[in-house]
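# Understanding the architecture of this molecule
Each chain, written out:
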Amino acid sequence: MYNNYAGVDSASLNVQGVLNGMDSNAMHLHSLIKELEGVFSGLAADVAKPLMDKFKAALGNAQERTGYQGQLMQVKDAISQTTGSEGFLRETDHQQGARFLAIGGV
């Protein structure tokens, strides 16, 4: 059986690119929230603040691993640990191959 680690690496890079775009979009949303908070005043600010706080909490923070951005970081980490020529995929493949070789050598 042949495992194409270079193909997995390539696909992983494509997915990482999509996730980076999603993260950039989240950062842009954070900046829009700050701009809106600076514009609203008076009654509009009183009405908008709870909604903005709820939106910020859902959007989360990548460093604190919260909300949407935290989940993006978890997916990025899982992909980098699992796929390709340096991940768990290759390690598992080699370990299982060694087990089959050991069966034949007994």
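The present account deals with the structure reproduced in this document. Since the model is a prediction, treat every value here as computed from it, not as a measurement.

## Focus on the side chain of D23
- The topology assignment puts D23 in helix α1 (residues 5-39).
- The side chain of D23 is buried and forms no salt bridge, while K76, the nearest opposite charge, is found at 4.0 Å.
- With sequence-adjacent residues up to four places away left out, D23 is seen in contact with Q69, L72 and K76.

## Overview of helix α3 (residues 67-82)
- Helix length check: α3, at 16 residues, gives a terminal C-alpha distance of 23 Å against a target of 22 Å (1.5 Å per residue), a fit within 8%.
- Turning to α3, its buried residues number three or more, namely Q69, G70, L72, K76 and I79.
- In this structure, the buried side of α3 is in contact with α1 and α2 (42-59).

## Some details on the side chain of K76
- In this fold, K76 is placed in helix α3.
- Leaving out residues up to four positions away in the same chain, K76 has contacts with Q16, L19, N20 and D23.

## Topic: the environment of N61
- Mapped onto the secondary structure, N61 falls in the loop between α2 and α3.
- Through-space distance from the C-alpha of N61 to that of M73 is 9.5 Å; in sequence the pair is twelve residues apart.

## A closer look at the pattern of salt bridges
- This structure, assessed with the given rule, holds four salt bridges.
- Among the salt bridges present, the one from K56 reaches E37, with a minimum N-O distance of 2.8 Å. Placement of K56 in helix α2 and of E37 in helix α1 is noted, with a sequence separation of 19 residues between them.
- With relative accessibility at 33%, the residue E37 sits in the partly exposed group.
- Its salt-bridge partner being D53, residue K49 comes within 2.9 Å of it at the nearest N-O pair. Remark: D53 and K49 occur in helix α2; sequence separation between them is four residues, near one turn of the helix.
- Classification of D53 by relative accessible area gives partly exposed; the value is 31%.

Parameters and conventions
- Residues numbered from 1 in each chain as written.
- Predicted model: local features only at pLDDT ≥ 70, side-chain atom pairs only at ≥ 80, totals over all residues.
- Heavy atoms only, no water.
- Helix = DSSP H or I, 4+ residues; strand = E, 2+ residues; numbered from the N terminus.
- Buried < 20%, exposed > 50% of the residue type's maximum accessible area, 1.4 Å probe, protein only.
- Lys, Arg positive; Asp, Glu negative; His and termini not counted.
- Salt bridge = Lys/Arg side-chain N within 4 Å of Asp/Glu carboxyl O.
- Contact = heavy atoms within 4.5 Å.
- Expected span 1.5 Å × (residues − 1).

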